[in-house]
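What follows is the residue order along each chain.
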Amino acid sequence: ESRSWDWDSPRCRAELDEIFFRQHDYIQSGTPEHKDFWAFFERFQRFKTKREMSGYDLGLPTDYDARYKINLSVCTKDIEERLGKQHKGGRSSSGPGRQEIAECRLSYLHFLDFTQKQSFNKLAKLRREQKNLPIFQYKGRIIELVRRHPVVVVAGDTGCGKSTQVPQYLLSAGFTQIACTQPRRIACISLAKRVSFESLNQYGSKVGYQIRFETTRTTATKLIFLTEGLLLRQIQQDGELSQYQVLIVDEVHERHLHCDFLLGVLRTLLENRSDLRLILMSATINIKLFSNYFNSAPVLQVPGRLFPIQVTYRPISPEEQVSRSEKLDPRPYLRILQGIDQRYPPEERGDLLIFLSGVTEISTIQEACQIYATHTRRWIILPLHSTLSLAQQDKVFDIAPPGVRKCIISTNIAETSVTIDGVRFVVDSKVKEMSYDPKAKMQRLQEFWISRASSEQRKGRAGRTGPGVCYRLYAESDYDAFAPYPVPEIHRVALDMKSMELGDPLSFVFIDPPPAASIQTAVTYLKDQGALNSQGELTTIGTLLAQLPVDVVIKMLVLGSMFNLVEPVLTIAAALSVQSPFLRSSQQNPDCATARQHLHSNQGDPFTLLNTFNAWQVKGERGGGSRKWCRRRGLEEQRLYEMVNLRRQFKDLLKSQGLLESEDGASSSGSRGQRMERLSERRKLHQLKRDHEQQESSKRKVLRLEEGQEDSSGSDTEDRGRQKKDKEKAGHDLDIQEVKFKLRHDVSELHDAVSACQDLSSRKQALLKLLVCRGLYPQLALPDEHNTARKDSDQVFHTKNKQGVVIHPTSVFANDPEVLHVPEDDGRETKKDSSKHQLLAFVTLLETNKPYLTNCVRVPALQTLLLVANSVDSNADCSRLVVDGWLELEFKLPEEALKILSTALSLRAEWERFLLHQLGHSSVQESSTRKVSRKDLEKLSDGLVRFLHYTEVSYSIRRLTALQTQNLYIGCQAEETTFSGVNALFPGVEAKPDPIKGGLCVTSFFNYNCLSDSRDLYSDCLRAFWTCPNCDLYMPLTPLERMQHEATCRPPGEQQQPEESVSAKTNSSMSSLTRVYHCDICDKDLTLTSTEILKHKRQ
Amino acid sequence: MATSEPPPKLFVCELCGLSSPFSYYGQKPPNTRAIVLLEECFVTKDPFSPDKEKFLILGSTCSVCSKCVCAGADCSLFYTKRFCVQCVNKHLDQFPHQIRAELAKKSCSCPCLTLRARSGRSLRADQ
Ligand SMILES: [Zn+2]
Ligand SMILES: [Zn+2]
């Protein structure tokens, strides 16, 4: 039944009129209103058609409600109840009514929506920023290149985003097991943080870092940032480096030797790993060099996004140059501040960054600039160097108020490690750099010509956020004369080469070989450290050092782990590895000095640090209490926390090397209840940490104009300023350090550790000092003999390579030098003789305006030298010893000297045996070394302590002059020196003539009778009757014969060489001095001792 | 170190190109307790929150044209349903005047919408 309906036909309309507009209806047919209706009807229809034409009805509700904008809903308790129809009847009248609940729900929904939008906006912003980086458009190209080529060079200037983006591109392309190396530890941490944030994994472990002993790496980690040194370490353990699929070597243009070395190693490694991908990232300098080194690897060049920087050369005039003794002239720097004020209106923002060499220079310039700043009220002067408290360092990131600029005066820390936004002006001068001086063999601050690479880096700091200006306080010709890249320290690399069995360091194929002389120096350094023996082979200690990322303190740790002195040694090693917790500024503060008094140890600075750490730990309560405790004593709390962390890492390291038994899960024990309690506490702590992290994310304060106006270098003022804030905070704010600390450490375990090293017995202390000293060796200093007559401030010391050094004012010995003096009246015949001479072992020789010894320990001279020195030379009767070619010891009574010498020899032999065993290298040796029992160890430490404490031999000690060292040795003797039947005088060591010094090498460190004063002709006279205390032997013996006997003859109670009788041993050692001598005159081969040969010749 | 695993599913906005891996698509994200979404969404763990259970809605599909769009105000609008900006503009007349006023205000305050999109206008909720 199809009917046609036409709205426009009058018939159809009339039919509708019959229905709607009848005579008695509201509107009647035929009226004007009726006519209006049909007109409206037509318009309305047209409107509807239009809507249908444009698509369809969206079906939106007619009434507006803001709630419709929210795309989520929440099922709360009231809804649950309603759905469950569990109307709990009479809800108390005071509770919320239906309306209140509805209101609250609405707010809640809006809140959820708000948080969604907030996070989404962060994500959108992040993606936008990534898209805007110059490197973004090369993403596809980079991935493609890496897929197709084993080596790719990505070159881009600062700001192009390569360091953060390339690793992410690889991740997103599905690569895993990616390692990205950085020259600096701090960059590893900050990059890992940034990249994990950008790859939306800041709370996961997909991206991690690994430095020194610290790692955030887990099984889920796909991308790891690590130092070049650490990657080298890993190559040593796994030559194939099979744990990685992709290696990114960043900042190759910096040309640190480590990096060059790494590239050399990787070049060989790639031959065996065709699946490995290597990406070199560099600035746009010298790209060809890298590409060529790797078989013309493809290069992708990315333009940078650095804003233009105008460079102005302003060489310092001769009259403003600093002479050696004077302070830095601040005028050139002040002129720059003035110039900026004149040229740039204050509304144009932009801060100033001045690079200087050291703390002294910084405070000089700071002082002068502060006066100018106070006067103009247009500057806030802020220092930046690593000895500042962290709170003070943080200030450089704060914002200056409108119309005021920050002037940051910094060491080279701001060159690469710290990025400060908003810097528009940079002042670069010929900065002194702390470096290892191979000639003087010490750390020293010297005026080095900085490299072009680092002055470019500094310049770049001006163009990060807008166009900038770089003032160079030297001539353009100076710049051209700079070396292209910094001169590196080479000794670590030499050690690596040795342990990786890469053969002679001098023949390694470097991308650009370092000077041969510096490699030679490095090898010498390693020999001094005992890492290489005189033949240049790796020693046991050297092998261990090569596996570990730090040097000096590790020696201490290894030694300490042997003697059950692990706990205090751990603390000392950690304390010497971080910056001193003692704030410099508090030194003049008498209150601090008094409060600190009981922490001081006159044994030396490491012991003061040990006391301090222990006292702080015992204090127990951390948080606000600890902060107060530290402030009272002028301590930087942060450093103590660093020590705790490092200490733990050292401990893990020792455990991982099998040098320390791991405790059997004491912390996991306890009753179920206790465990649950611990668990819930940990959960709470984790929550606190998360809360803190969330809050912390972005807080930049606005600086006060008065900032830095008070005391120039002190953090006291800052402390005082902060005290109030701290107090306010303390109430409700949590102490994040405390939380982190508790999360990381079992507090009770730490307390045990402290009690283990508190109140060291004098016995343990002596041993500990010896270990510390052996760790620090060869860093020894001899007090000047006239110190007793000098003022406290004029005490002078001598090291092997440097005369006239002084003790750093922060050292305990600076205030208490008397403990280093030889006691006045102990019945000495001549002034120089005493049994109480002491030496200082020190951590660094710091050369600033004076050469300073830092972190010193005092040790008994003779005993320590005999136990740790690399070279001890004697004359014929051993009344004169020369140690390490610079210290001469003379004894009144040769018999005493002999006795102590032979004790030292046997102690050292025993010690070495234990050490070998400890390091697990004994297996090849005789099986007897396996029998290292606790009892033997006790005996050894007893022996060492007795030796240290009760050696009462009178001797004199002095530093040899340059002239004296020239004619020190007899030198190679003319006659054939083939010893017949040279028996092992000491286990494992063959005595043989020394071809250079002359004399006889008795052990690796002791050379008998090589000093040129030895009266060999009369050596018969040196035979003296002697009774062996052990075996009742009584006969005339030369000193050497006597020592040989003593080395093998044990007291009756401890016979341990069953295979040889004592007397047989004696005889054999008697004959060991004889050698085959061919006499040309009588044409006979004779077996004679050297004395006999001489006699024979005369006949 | 983690070895290779299946690549994560990627959400990409068809309008602005914003991309991010997502871990869930639907109306009831896991571990969100009582929260129910009123549309099928691409969801991931909120990367800016340390809390594992906090989620983030990346976007969903336009109820009119089925384009996959992000939750950003430059790309889409939710009003009982998800609409991409293109569809919103096409059917503007059907939206209540409050919504239209909001959209107008957004486009009036800055004459150049494309520039806005790049420089990242913050959302109302942020202000
Ligand atoms: Zn979008
Ligand atoms: Zn649409």
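Computed from a predicted model, the values in this text were never measured in an experiment.

Undergrad: So, the pattern of salt bridges: which residues are in play, and what are the values?
TA: In the structure shown here, the tally under the stated rule is 30 salt bridges over all chains. With its nearest N and O atoms 3.5 Å apart, the salt bridge here joins B:Lys54 to B:Asp51. Judged by its relative accessible area of 44%, B:Lys54 is partly exposed. Shared partners join several salt bridges into a network, and the residues in it are A:Lys125, A:Glu129, A:Arg194 and A:Glu198.

Undergrad: I'd like a rundown of the interface of chain B and chain A, residues and numbers included.
TA: One widely used convention gives an interface's size as the accessible area the parts lose upon coming together. The interface of chain B with chain A comprises 53 residues on the first partner and 52 residues on the second. At the surface where chain B touches chain A, the tally comes to 1 salt bridge. Where A:Lys69 meets B:Glu102, a salt bridge forms, and the shortest distance between an N and an O atom there is 2.7 Å. Scanning the region where chain B abuts chain A turns up 15 residue pairs in polar contact (both at pLDDT 80 or more). Listed by contribution, the elements that provide at least two residues to the side of chain B that touches chain A are β2 (19-21), β4 (35-37), β6 (55-61), β8 (76-79), β9 (81-84), α2 (97-109) and α3 (113-119) of chain B. The greatest single-element share of the side of chain B that touches chain A, amounting to 4 residues, is contributed by β6(B). Class assignment for the residues of the side of chain B that touches chain A results in 30 nonpolar, 14 polar and 9 charged. Looking at chain direction, strand β1 (residues 72-74) of chain A and β4(B) are connected through 3 bridges and run antiparallel. Residue pairing across strands places A:Leu72 opposite B:Leu37, the latter belonging to β4(B).

Undergrad: Requested: an account of the packing of helix α6 (residues 162-172) of chain A against helix α7 (residues 185-198) of chain A, with residues and values cited.
TA: Residues and elements named next belong to chain A. Packing of α6 against α7 leaves a shortest axis separation of 10 Å and a crossing angle of 50 degrees. Between α6 and α7, the interaxial angle falls into the category oblique. Considering only the axes of α6 and α7, their crossing is right-handed. Where α6 abuts α7, its residues Ser163, Thr164, Gln165 and Gln168 lie against Leu191, Arg194, Val195 and Glu198. Looking at the contact of α6 with α7, its residues break down into 2 nonpolar, 4 polar and 2 charged.

Undergrad: A description of the sheet that holds strand β5 (residues 41-45) of chain B should follow, citing residues and the corresponding values.
TA: In space, the 4 strands of this open sheet follow the order β3-β5-β6-β7 (chain B), with antiparallel pairing throughout. Each edge of the sheet is formed by a strand with only one pairing partner; in this case those strands are β3 (24-26) and β7 (68-70) of chain B. If you compare each strand with its neighbour and ignore which way they point, the axes differ by 30 degrees on average. Of the strands in this sheet, β6 and β7 of chain B are in contact with helix α4 (residues 98-132) of chain A, which crosses β6(B) at around 80 degrees.

Undergrad: So, the packing of aromatic side chains: which residues are in play, and what are the values?
TA: Considering all chains together, one arrives at 22 aromatic pairs over all chains under this definition. Measuring from centroid to centroid gives 5.6 Å for A:Tyr68 and B:Tyr79, while their planes differ by 90 degrees, and the two rings are edge-to-face. Placement of A:Tyr68 in the loop between α2 (32-53) and β1 and of B:Tyr79 in strand β8 is noted, with the two residues assigned to different chains. Since its relative accessible area comes to 0%, B:Tyr79 is described here as buried. Of the aromatic side chains, those joined through ring pairs into one cluster are A:Trp5, A:Trp7, A:Phe20, A:Phe21, A:Phe37, A:Trp38 and A:Phe41. We note A:Arg458 situated over the ring of A:Phe355; from NZ or CZ to the ring centre the distance is 4.9 Å.

Thresholds applied
- Residues numbered from 1 in each chain as written.
- Chains lettered and ligands numbered in written order.
- Predicted model: local features only at pLDDT ≥ 70, side-chain atom pairs only at ≥ 80, totals over all residues.
- Heavy atoms only, no water.
- Salt bridge = Lys/Arg side-chain N within 4 Å of Asp/Glu carboxyl O.
- Buried < 20%, exposed > 50% of the residue type's maximum accessible area, 1.4 Å probe, protein only.
- Contact = heavy atoms within 4.5 Å.
- Polar contact = N/O pair within 3.5 Å; in protein donor to acceptor, adjacent residues only side chain to side chain.
- Helix = DSSP H or I, 4+ residues; strand = E, 2+ residues; numbered from the N terminus.
- Nonpolar A, V, L, I, M, F, W, Y, C, P; charged D, E, K, R; others polar.
- Pairing = 2+ DSSP bridges.
- Axes fitted to C-alpha atoms, helices over the stretch in contact; angles between N-to-C directions.
- Parallel < 35°, antiparallel > 145°, perpendicular 65-115°, else oblique.
- Left-handed = near helix turned anticlockwise from the far one by under 90°.
- Phe/Tyr/Trp six-rings, centres within 6.5 Å; stacked < 30°, edge-to-face > 60°.
- Lys NZ or Arg CZ within 6 Å of the ring centre and 35° of its normal.

Just distances and angles here, no functional claims.
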